[in-house]
Structure formats: structure tokens, C-alpha cells
Amino acid sequence: MAAAGLSLVRAPADAPQEPLALPAPLLAVDGVSLEYRTPERVVRATHRVRFDVYGADRFVLLGASGCGKSTLLKAIAGFIAPVEGQIRLDGRAVTGPGPDRIVVFQEFDQLPPWKTVRQNVAFPLRASGTLARREADERALHYLEKVGLSKFADAYPHTLSGGMKQRVAIARALAMQPRVLLMDEPFAALDALTRRKMQEELLALWDEVRFTLVFVTHSIEEALVVGNRIGLLSPHPGRVRAEINSHAWGLDSLGGAEFQAAAQRIHRLLFEAHPPEATP
């Protein structure tokens, strides 16, 4: 399947015909199985999951609770080692966490409360040795402006709403300029109106910065809105059931008959034992 936003390279008409080729993926998840231990047994979270993510993709992992999508995101971040298969970034195996992969989690309380908004965004830049204090503060303000929070640079987290705290977390992640931004159900705990606003802001920010995104959700509607490609994971243990191009859908599609029909087809693909072929 061709990756989003990429065109195939063709030889001149008079040249020998070669097979069409895609550029190498930025991120490759290659036959990855993940397990975790409980007091009673070893549980397989995902089984031989395989997909590729290309530069500036918005790739969504969609599945029901317990299908292993968050565990898979932690493995991409380098926090969990696969028991089978390999995860590669720029062709090199992922063996641990690194600043080239930054995670934004669901929890609002991921910001140290004793630091101002600007200090929260700048801290990883200084702690990692990426930038000195002045440069870190300048970059922090740059990304706070992009998420619309420059006026709150000297505020403390307890004065912010849940949506504003998530915008600070996104600014902090993007300030590190990672190769891949990983988001683990970042809007799930927000009320419906704030969640819609955060989706709008994320897509507007992507239009401007064109970062590469891997986004985890259990909401079919959110997957269609946020992603340009969607990987559907089966119920536990997670396997890739299908991959869908979702370029046609956006925030202005919500509520439309075709959008709802696409959501229903994805639901069948996710949960029917032998789902029919479908291409929303």
C-alpha cells in the first residue's frame, strides 16, 4: 500500500522498466510481539504486528481496550522490548528510549507543578543537554506560541484547564523536535467540546509543522478525523486486522452520512469474526 503523501518513482519512457519503489519508511514495526507478566501467567499483548510509518504521516492505531495499542506505543518509545520482531527508526533498531521519540500521555498531571509553563517546556531541552538556558527558553516560547499559550508562559500548571495542560505537553514534546511524536489517547479524559477543540488544534499544528505522528485511540470517529492512515488492531492479543487510508475525512465530515457509513464499516472490520473487505 502506498504511504500517505508519497508518489511512486517512475523511470523515463525509454528507460528499462524497473519495479516501482517507495522510499524507506521512517518507522518500521516488523512482526512485533509483546508480552507482560502477571502474578499468574505471561500475557501476550500483541502478536506479530507489522506496519510502516512515513515522514509526516498521521498514523492512528485503533482498537478496543486491551488490544495492546498502548503497549505497542510504549515499545516504539523504547520502554518495552519485543519478544519477537523488531522496531526500526531510520533503519536502526530501537533498543531504548531516546529524544527522537517523545510521548504525550493521557494524564493531565504530567507537568511538574512547581515549574512555570515555560520552564516545563524548556526543562527536557536543558536536561538532555540539547540547548543552553537562553536557547531552551526561546524554543519553549516558540512552541508555546504555536499551541496558543504564549500569554501563559509564566503561569503554573494548577491555573490551567485540562485542555491547556495537554497543549503544554504537546508544546514540550514538539520543542524536542522528535523524529516521531507518540500520543497515547491524549484527549480521552477531556469533555466532548474540549476534545473537539484539541483535535482541531492538533490538525492545525500538523498543517504548520508537518511532524510525524503515531496516535493511539479507541474512538473510531477520532481515528478518522486525526489520521491519514489507520491501523486496525484486533481484540486481545492485538493483530493488524486491516490498514485503511483515511485522507477523505476531517472535522467537517463529522455527522455526515458517508462518514457514519465509514465508521460502521470500520466497526465491522474491528469486531466481526470474519469481517468483509471494506475500504472506507
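Everything here concerns the structure above.
Just so it is clear, the model here is predicted, and its values are computed rather than measured.

Conventions we followed
- Residues numbered from 1 in each chain as written.
- Predicted model: local features only at pLDDT ≥ 70, side-chain atom pairs only at ≥ 80, totals over all residues.
- Heavy atoms only, no water.
- Helix = DSSP H or I, 4+ residues; strand = E, 2+ residues; numbered from the N terminus.
- Phe/Tyr/Trp six-rings, centres within 6.5 Å; stacked < 30°, edge-to-face > 60°.
- Buried < 20%, exposed > 50% of the residue type's maximum accessible area, 1.4 Å probe, protein only.
- Lys NZ or Arg CZ within 6 Å of the ring centre and 35° of its normal.
- Pairing = 2+ DSSP bridges.
- Axes fitted to C-alpha atoms, helices over the stretch in contact; angles between N-to-C directions.
- Parallel < 35°, antiparallel > 145°, perpendicular 65-115°, else oblique.
- Left-handed = near helix turned anticlockwise from the far one by under 90°.
- Contact = heavy atoms within 4.5 Å.
- Nonpolar A, V, L, I, M, F, W, Y, C, P; charged D, E, K, R; others polar.
- Lys, Arg positive; Asp, Glu negative; His and termini not counted.
- Salt bridge = Lys/Arg side-chain N within 4 Å of Asp/Glu carboxyl O.

Draft legend 1. Structural detail: the environment of serine 65. You can see serine 65 is positioned in the loop between strand 3 (58-62) and helix 1 (69-77). Counting along the chain gives 153 residues from serine 65 to histidine 218, while the straight-line C-alpha distance between them is 6.7 Å.

Draft legend 2. Up close: the packing of aromatic side chains. Enumeration according to the criterion identifies 3 aromatic pairs in this entry. The interplanar angle of 15° and the centroid separation of 4.6 Å between the aromatic rings of phenylalanine 51 and phenylalanine 59 together place this pair among those described as stacked. In this pair, the class of phenylalanine 51 matches that of phenylalanine 59, namely buried. When the centroid spacing of 5.9 Å and the interplanar angle of 55° are considered together, the rings of phenylalanine 187 and phenylalanine 215 count as tilted. With phenylalanine 187 in the loop between strand 7 (180-184) and helix 5 (192-209) and phenylalanine 215 in strand 8 (residues 213-217), this pair connects stretches of sequence that are 28 residues apart. Note on phenylalanine 187: relative accessible area 0%, which makes it buried. You can call phenylalanine 215 buried: its relative accessible area is 0%. Above the plane of the ring of tryptophan 206 lies arginine 58, whose end atom (NZ or CZ) is 4.4 Å from the centre.

Draft legend 3. Region of the structure containing the pairing of strand 6 (residues 101-104). The alternating pattern of strand 6 places Arg101 and Val103 and Ile102 and Val104 on opposite faces, both of which are buried. Relative to strand 7, strand 6 is paired through 4 bridges, and the arrangement is parallel. Across the sheet, residue valine 104 finds its bridge partner in strand 7, namely methionine 183.

Draft legend 4. Representation of the packing of helix 4 (residues 162-175) against helix 5 within the structure. Contact geometry of helix 4 with helix 5 gives a least axis separation of 10 Å together with a crossing angle of 20°. By the angle class used here, helix 4 and helix 5 are roughly parallel. Like other packed secondary-structure pairs, helix 4 and helix 5 cross with a definite hand, here right-handed. Residues Gly163, Gln166, Arg167, Ile170 and Leu174 of helix 4 lie in contact with helix 5, whose contacting residues are Thr194, Met198, Glu201 and Leu205. Tallied by class, residues from the contact of helix 4 with helix 5 come to 4 nonpolar, 3 polar and 2 charged.

Draft legend 5. Expanded view of the side chain of lysine 69. Tracing the chain through its elements places lysine 69 in helix 1. It is glutamate 185 that comes nearest to the buried, bridge-free lysine 69 among opposite-charge side chains, at 4.3 Å. Contact partners of lysine 69, with chain neighbours within four places excluded, come to Leu61, Leu62, Gly63, Ala64, Glu185, Val216, Thr217, His218 and Leu233.

Draft legend 6. Expanded view of the sheet that holds strand 6. Pairing is mixed in the open sheet, where 6 strands are placed in the order 6-7-8-3-9-10. The sheet terminates laterally at strand 6 and strand 10 (240-245), the two strands that pair on one side only. Each neighbouring strand pair of the sheet contributes to a mean axis angle of 20°, computed without reference to strand direction. When strand 7 meets strand 8, the two strands line up parallel, connected through 4 bridges. Bridge pairing in strand 8 places aspartate 184 opposite valine 216. Running at roughly 180° to strand 6, helix 4 makes contact with strand 6 and strand 7 of the sheet.

Draft legend 7. The pattern of salt bridges, seen in detail. Using the criterion set out here, one finds 15 salt bridges in the structure. Across the pair arginine 179 and aspartate 90 runs a salt bridge, and its minimum N-O distance is 2.8 Å. Here the residue arginine 179 occupies a position in the loop between helix 4 and strand 7, and aspartate 90 occupies one in the loop between strand 4 (84-89) and strand 5 (92-93), the gap between them amounting to 89 residues. Note that arginine 229 and glutamate 243 form a salt bridge whose closest N and O atoms lie 2.7 Å from each other. Remark: glutamate 243 occurs in strand 10 and arginine 229 occurs in strand 9 (residues 229-233); sequence separation between them is 14 residues. Owing to a relative accessible area of 3%, arginine 229 belongs among the buried residues under this scheme. A relative accessible area of 25% means that glutamate 243 is categorised as partly exposed. Ionic contacts of the salt-bridge type, sharing partners, join the residues Glu35, Arg44, Arg48 and Glu84 into one network.

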